Amino acid sequence: MNLTNFQVSLTNAAIASILLSILLNWVILQRTKGFVPKERKNEKRLSSKYVPPFGGIACSIAFLISTRLLGQADDNFLYIGFFAVIISIIGLLDDLYNFSWYIKLMFQTIIVYIPLYSLNIFINFESLIGIELNNSLNYIVSTIWIMLIMNAINFIDNMDGLAVIVSSAICIQIAVLTNYLNQYKLTDISILLLCAIGGFLFFNFPPARLYFGDSGSLFIGFCLGFMSILYNWAPEQTTVYTSTLSPILLIFSVPLIDFLVVFTHRISLGKSPAIGGTDHISHRLLAKGFSEIKILSMFLTYSLGTFVLIYFSLFTSTQISFLIIGGLFVIYIFTYLVTIKLEVLS
């Protein structure tokens, strides 16, 4: 039997992704019950109870194995996958040793930039603003974009089940958009990532026994960020979207709004955004008296609800699409203005 040509169906690979994720997360849970983390100074957490932050390692392994089950991957995916593993390892080391924020950003910048430059993939920002800088600005903007997604997913891992719900919703939206344009390889990858995350939900649903940790949130953010750039938006009909401003960029609104709320609040208080706290949107909703299950439902409804508008805008006239996208940005801004005024959980 030639293992290099071994391949299973997407359904079987998805089942394998879920089962592997469940198994590996169970093993990690058993092995880390007695682990004592390095103290993180000046950080406020939602609970004093320690929850091992190593679930991301199991998810990343399950995802990578299941993608291999689909057959020999394209060189681009293999290359990106290699650096995804590296960023997961960096995240694991950070979970163990608590790196300084500038050390983390340095590693993230290098690990994101290398595959972008080597594979010559980027968000064509220069075309959008009408200048030509030999793609220098494109690489910078693309690096910042992926790092922003990585850290926004990292920030959203602040309450039981939340990072899973938000990441899963993004995977579903990517699967729908890529399937619509017959980009089935990205559809398959997003489904397998969704299944790996879904297996982790058994251990992260309230009350959580495992968290993603930096190893998981950075890995998932890295994969989702690169998938958003690999997505080739090239519609045949006239549309409000362009090759630069594709609809896939809008599906990250939930983690980005939370990131913006936390970042601006901490900066306004003269605090470092890199230090953990209880000022996330989820924490503010807890302070309003909502239960964790209710908050998870609200985040999922908001994410998929706004996606319905995004998807609907693909099939309407340019004028109506402008109105829909304009309405979406009004919703995003309104969400930020309302949540930033909510009381911080003490």
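Residues numbered from 1 in each chain as written. Predicted model: local features only at pLDDT ≥ 70, side-chain atom pairs only at ≥ 80, totals over all residues. Heavy atoms only, no water.

**Concerning unusual backbone geometry**
Part 1: In this chain, Pro-206 is followed by Pro-207 through a cis amide linkage whose omega measures -5 degrees.
Part 2: On the secondary structure map, Pro-207 appears in the loop between α8 (184-204) and α9 (213-230).
Part 3: For Asn-120, which is not a glycine, the phi torsion comes out positive at approximately 55 degrees.
Part 4: Here Asn-120 shows up in the loop between α4 (101-119) and α5 (125-129). (Helix = DSSP H or I, 4+ residues; strand = E, 2+ residues; numbered from the N terminus.)

**Description of the nonpolar core**
Part 1: Core analysis: the biggest nonpolar cluster contains 84 residues, and Leu-193, Phe-222, Leu-224, Ile-251 and Phe-299 have the highest contact counts within it.
Part 2: The residues contacting Phe-299, other than those within four sequence positions of it, are Ile-156, Leu-162, Val-166, Val-254, Ile-281, Ser-282 and Leu-285. (Core = buried A, V, L, I, M, F, W, Y, C linked by side-chain atoms within 4.5 Å. Buried < 20%, exposed > 50% of the residue type's maximum accessible area, 1.4 Å probe, protein only. Contact = heavy atoms within 4.5 Å.)

**Some remarks on the packing of aromatic side chains**
Part 1: By the definition in use, this model includes 19 aromatic pairs.
Part 2: On the numbers, 5.1 Å between centres and 65 degrees between planes, the contact of Tyr-79 with Phe-83 is edge-to-face. Taken as a pair, Tyr-79 and Phe-83 lie in helix α3 (residues 75-97) at a separation of four residues, close to a single helical turn.
Part 3: Residue Phe-83 is classed as buried on the basis of its relative accessible area, which comes to 8%.
Part 4: Where Tyr-113 meets Tyr-139, the ring centres are 6.1 Å apart and the plane angle is 75 degrees; that geometry is what we call edge-to-face. With a gap of 26 residues between them, Tyr-113 in helix α4 and Tyr-139 in helix α6 (residues 136-156) connect regions that are remote in the sequence.
Part 5: Owing to a relative accessible area of 33%, Tyr-113 belongs among the partly exposed residues under this scheme.
Part 6: By relative accessible area, Tyr-139 is classed as buried at 7%.
Part 7: Grouped by ring-pair contacts, the aromatic residues Tyr-113, Tyr-117, Phe-122 and Tyr-139 constitute a single cluster. (Phe/Tyr/Trp six-rings, centres within 6.5 Å; stacked < 30°, edge-to-face > 60°.)

**Section: the side chain of Ser-303**
Part 1: With respect to the secondary-structure elements, Ser-303 resides in helix α12 (residues 292-313).
Part 2: Those residues within four positions of Ser-303 in sequence are excluded, and the remaining contacts are Ala-169, Gln-173 and Val-254.

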